[in-house]
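Spelled out, the chains give:
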Amino acid sequence: YTRGTVTAFSPFDARADAEALRKAMKGMGTDEETVLKILTSRNNAQRQEIASAFKTLFGRDLVDDLKSELTGKFETLMVSLMRPTYIFDAHALKHAIKGAGTNEKVLTEILASRTPAEVRNIKQVYLQEYEANLEDKITGETSGYFQRLLVVLLQANRDPDGRVDEGLVEQDAQVLFRAGELKWGTDEEKFITILGTRSVSHLRRVFDKYMTISGFQIEETIDRETSGDLEKLLLAVVKCIRSVPAYFAETLYYSMKGAGTDDDTLIRVMVSRSEIDLLDIRQEFRKNFAKSLHQMIQKDTSGDYRKALLLLCGGDDE
């Protein structure tokens, strides 16, 4: 079951696609249109089969050819589409923590939004692919309460959804209220433990109760009482508890809003959610931003890059 915009293409012929791609990139000039049409309309598993057929038929590496024939954001998008699904997040995290400066935005987005099962998978793949422990890498590059919440999320031990105990809901809401609104300096640790370990259904009730007790949404308290990377991570966790598609709709909106586009974020979200919940993200986008995701991509991007993104988006929501 999926709420993605990209699904398995049928009838699928990996060799025919490989041949069409080779023809599109052979000789003088590249036929970008063919490349983008094929890669955006096949799902990731099929793209891997195409790459394998490409190597079998021509003894060439499809991703290397894409890199040498394409340029800029369009190249980045096509290469991202070719990355095997299982390694996508691990690869993004690896690049977020390598070299000078850490990309906290990527750590926040991935670790706040992925399910415990997905996080366990990311850790395993990271170890296999990069022969390194993801938690060690992240703790080496981060600090303070931001680091602690990341470590809690990396444990992937959030309580599973079950019957919600109203007594415990009341208790957690009171603890958060006392830790946030009632004292000078927030007791960050309480926020980290409760937001990082309680079940999703429990926390949704806690947020309602918090509003009743304090008169504030919990986001407002976090906004007032914390700052910097910790604030962004706490807010991302809260938003993802409320609704992962709504969180990504907002992430996409802000990647394009105002001057300049954060193309890395735009590409990462469009590709990573295209087979999961992009239809739901589109719905939330339309509901919350008075325009459709399709319209915003149309306005904010250009050329083959735009064509490919619009195909991934898969339609307009008037």
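Parameters at a glance
- Within each chain, residues carry numbers counting from 1 in the order of the written sequence.
- For a predicted model such as this one, the threshold for reporting local features is a pLDDT of at least 70, and the threshold for listing and counting side-chain atom pairs is 80 or more; totals across whole chains, interfaces and linings nevertheless cover every residue.
- Only hydrogens and water are set aside; all other atoms, that is, all heavy atoms of the structure, feed into the side-chain values.
- Any residue under 20% of the maximum accessible area for its type is buried, any over 50% is exposed, and the rest in between are partly exposed; the area is computed with a 1.4 Å probe on protein chains only.
- Helix and strand definitions follow DSSP, with helices as H or I runs of at least four residues and strands as E runs of at least two, each counted in order from the N terminus.
- By definition, the arc is the one covered by directions from the helix axis to the C-beta atoms.
- Any two residues whose heavy atoms approach within 4.5 Å at even a single point are treated as in contact.
- Here, nonpolar core means buried Ala, Val, Leu, Ile, Met, Phe, Trp, Tyr and Cys residues that are tied together by side-chain atoms lying within 4.5 Å of each other.
- A fitted line through C-alpha atoms represents every axis, and for helices the fit uses only the stretch in contact; the resulting angles, taken between N-to-C directions, go from 0 to 180 degrees.
- Convention used here: angles under 35 degrees read as roughly parallel, angles over 145 as roughly antiparallel, angles from 65 to 115 as roughly perpendicular, and any remaining angle as oblique.
- Residues are sorted three ways: Asp, Glu, Lys and Arg are charged, Ala, Val, Leu, Ile, Met, Phe, Trp, Tyr, Cys and Pro are nonpolar, and all the rest, Gly among them, are polar.
- Just so you know, the domain bounds were taken from an automatic or database domain assignment.

Within helix α10 (residues 144-154) the residues assigned to the buried category are Phe146, Gln147, Leu149, Leu150, Leu153 and Leu154. For α10, the arc enclosing every buried residue in end-on projection is 165°, short of the 170-degree limit, so these residues lie on one face. If you follow the buried residues of α10, they end up packed against α7 (104-113), α8 (116-130), α9 (134-141), α12 (188-197) and α15 (228-242).

Quick look at the nonpolar core now. Within the largest apolar cluster, 96 residues are counted, with the highest numbers of intra-cluster contacts made by Met78 and Met270. Counting residues per element, this core draws most heavily on α15, at 9 residues. Excluding anything up to four places from it in sequence, methionine 78 contacts Val35, Leu36, Leu39, Thr40, Leu66, Leu70 and Ala308.

What follows is about the packing of α15 against helix α16 (residues 244-256). Where α15 meets α16, the closest approach of the two axes is 5 Å, and the angle between their N-to-C directions is 130°. On the basis of their axis angle, the class for α15 and α16 is oblique. Across the interface between the two elements, Ala236, Lys239 and Cys240 from α15 touch Val244, Tyr247 and Glu250 from α16. Here the contact of α15 with α16 is composed, by residue class, of 4 nonpolar, no polar and 2 charged.

Turning next to the domain arrangement of the protein. Along its sequence, the protein is organised into domain 1 (14-85), domain 2 (86-155), domain 3 (166-242) and domain 4 (244-313). Once you take the C-alpha centre of each, domain 3 and domain 4 turn out to be 28 Å apart.

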